[in-house]
Amino acid sequence: MSELLKVEALSKAYRTAGRQIAALDNVSLALEAGETLGLVGASGSGKSTLSRVLLRLLEPDSGTIRFAGQDWRALGGADLRRGRAHMQMVFQDTLGAFNPLASVASVLDDPLRIHGIADRMQRPAEIAALLERVGLPSAFAGRPVRTLSGGQRQRVAIARAIATRPSLLVLDEAVSALDVTIRGRILELLVELQRERGLAYLFISHDLAVIRAISHRIAVMDAGSIVEEGRAADVVTAPQSEAARRLIAAVPRLMTEPV
């Protein structure tokens, strides 16, 4: 595998009530093509800030981001828009991520049109293929997003994310709002897509059980810093940081599961 994403010394601070709070403090990580890095930490540890900085939805105060061999922070305008086709995001809020008045077809048509993936005549077939790939009938194209269940909306969100044929998906608590059965099915879908398309995932969650189920490696965040990183099995069975030990203690059944 080749290195797809490399982050070095990334920092981001917020100023609130006259105080400066370090949301990211000298964060460094790397992700290879086709790999899943699970990013786990308690609420407020900096996970979501990192995801938004990577997508350039927020600008960091310092540090470097290299994605697919490019200086990601140096891109702007049309270059950044083209680059974003290769790094897509799936959010936790399956309703807030869409215009609730939009149809499924329009939600999936937008990335195909904006990034020139298919022309007007080809897009209906492409939309049908995307829906079928995420386990939804092509007839769903005509349905309003607001009429779908949470699991169905998250499948549409994944379909939208893969429409641009990205190499990296950033998944920010993407299954945490779903019930256990639906969560398992979505995780199975993500694994299938990774095998088929060689996708890399930065999978962000506070749930170590979910992170372990899907990740090759795990990075643990605490107070804006990565305090531990290693193979998923190693982090779970022999945690080196207090933050990881606290997370494992919250899910005691992990300690007796086979590696």
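It should be emphasised that the depicted structure is a prediction, and the values quoted were computed from it without experimental measurement.

(A) Geometry of the side chain of Q194. Take Q194: it is sitting in helix α6 (residues 180-197). For Q194, the residues in contact, after removing those within four places along its chain, are G34, E35, T36, L199, A200, Y201 and H216.

(B) Quick peek at the sheet that holds strand β7 (residues 168-172). Strand order across the open sheet formed by 6 strands is β6-β7-β8-β3-β9-β10, with mixed pairing between neighbours. Of all the strands in the sheet, the pair left with one neighbour each is β6 (87-90) and β10 (225-231). Neighbour-to-neighbour, the strand axes of this sheet turn through a mean angle of 20 degrees, independent of strand direction. Sheet analysis places strand β9 (residues 217-222) next to β10, joined by 6 bridges and oriented antiparallel. In the sheet register, D222 faces β10, and the bridge partner there is S225. Across the sheet, helix α5 (residues 150-162) is in contact with β6 and β7; its angle to β6 comes to roughly 175 degrees.

(C) View of the pattern of salt bridges. Summed over the entire model, instances satisfying the criterion amount to 15 salt bridges. The residue R133 makes a salt bridge to E192 at a minimum N-O spacing of 3.4 Å. Of this pair, R133 sits in helix α4 (residues 123-133) while E192 sits in helix α6, placing them 59 residues apart in sequence. Counted as one network, the salt bridges with shared partners bring together D109, D110, R113 and R123.

(D) A look at the confidence of the model for the protein chain. Per-residue pLDDT for the protein chain has a mean of 91; in total, 97% of the residues score no lower than 70. Averaged pLDDT values for the elements of the protein chain fall to 89 in helix α7 (residues 208-214) and rise to 97 in strand β4 (residues 62-67). Scored below 50 in pLDDT, residues 254-259 makes 11 contacts in the model with residues more than four places away or belonging to other chains.

(E) Layout of α6. The terminal C-alpha atoms of α6, which comprises 18 residues, lie 26 Å apart, in line with the 26 Å expected from a rise of 1.5 Å per residue. Of all the positions in α6, only R183, I186, L187, L189, L190, L193 and Q194 are classed as buried. Down the axis of α6, the smallest arc covering the buried residues is 155 degrees, so these residues share one side. α6 presents E188, R195 and E196 as exposed residues on the side facing more than 90 degrees away from its buried surface.

(F) Geometry of the packing of aromatic side chains. Here the structure, examined in full by the defined rule, presents 1 aromatic pair. Arranged with centres 5.2 Å apart and planes meeting at 75 degrees, the rings of F67 and W72 form a pair that is edge-to-face. The ring of F140 carries R143 above its face, with NZ or CZ at 4.5 Å from the centroid.

(G) Focus on the nonpolar core. Counting residues in each nonpolar core, the largest one holds 50 residues, and the members touching the most others are L131, V156, I158, L190, F203 and I218. Those residues in contact with V156, other than ones at most four positions away along the chain, are F98, V104, V107, L108, L131, L136 and L148. V53, L55, A200 and I204 belong to the second-largest nonpolar core, a separate cluster that totals 28 residues.

(H) Looking closely at the pairing of β4. Sheet topology note: the strand β1 (residues 3-16)/β4 ladder contains 5 bridges and is antiparallel. Across the sheet, residue E8 finds its bridge partner in β4, namely T64. One ladder, built from 2 bridges, connects β4 with strand β5 (residues 70-71); its direction is antiparallel. Within β5, the position partnered with R66 by the bridge is D71.

(I) Fine view of the sheet that holds β1. Within the open sheet, the 4 strands sit side by side as β2-β1-β4-β5. Their pairing is antiparallel. Since the sheet does not close on itself, it has two edges, and those belong to β2 (19-32) and β5, each with one partner.

(J) Main features of unusual backbone geometry. Phi at A9 is positive, roughly 50 degrees, even though this residue is not glycine. One can find A9 in strand β1. Its relative accessible area of 31% is what places A9 among the partly exposed residues. Look at N26: it is not a glycine, yet its phi comes out positive at around 60 degrees. By the element assignment, N26 lies in strand β2.

Cut-offs and rules
Residues numbered from 1 in each chain as written. Predicted model: local features only at pLDDT ≥ 70, side-chain atom pairs only at ≥ 80, totals over all residues. Heavy atoms only, no water. Helix = DSSP H or I, 4+ residues; strand = E, 2+ residues; numbered from the N terminus. Contact = heavy atoms within 4.5 Å. Pairing = 2+ DSSP bridges. Axes fitted to C-alpha atoms, helices over the stretch in contact; angles between N-to-C directions. Salt bridge = Lys/Arg side-chain N within 4 Å of Asp/Glu carboxyl O. pLDDT = per-residue confidence, 0-100. Expected span 1.5 Å × (residues − 1). Buried < 20%, exposed > 50% of the residue type's maximum accessible area, 1.4 Å probe, protein only. Arc of directions from axis to C-beta. Phe/Tyr/Trp six-rings, centres within 6.5 Å; stacked < 30°, edge-to-face > 60°. Lys NZ or Arg CZ within 6 Å of the ring centre and 35° of its normal. Core = buried A, V, L, I, M, F, W, Y, C linked by side-chain atoms within 4.5 Å.

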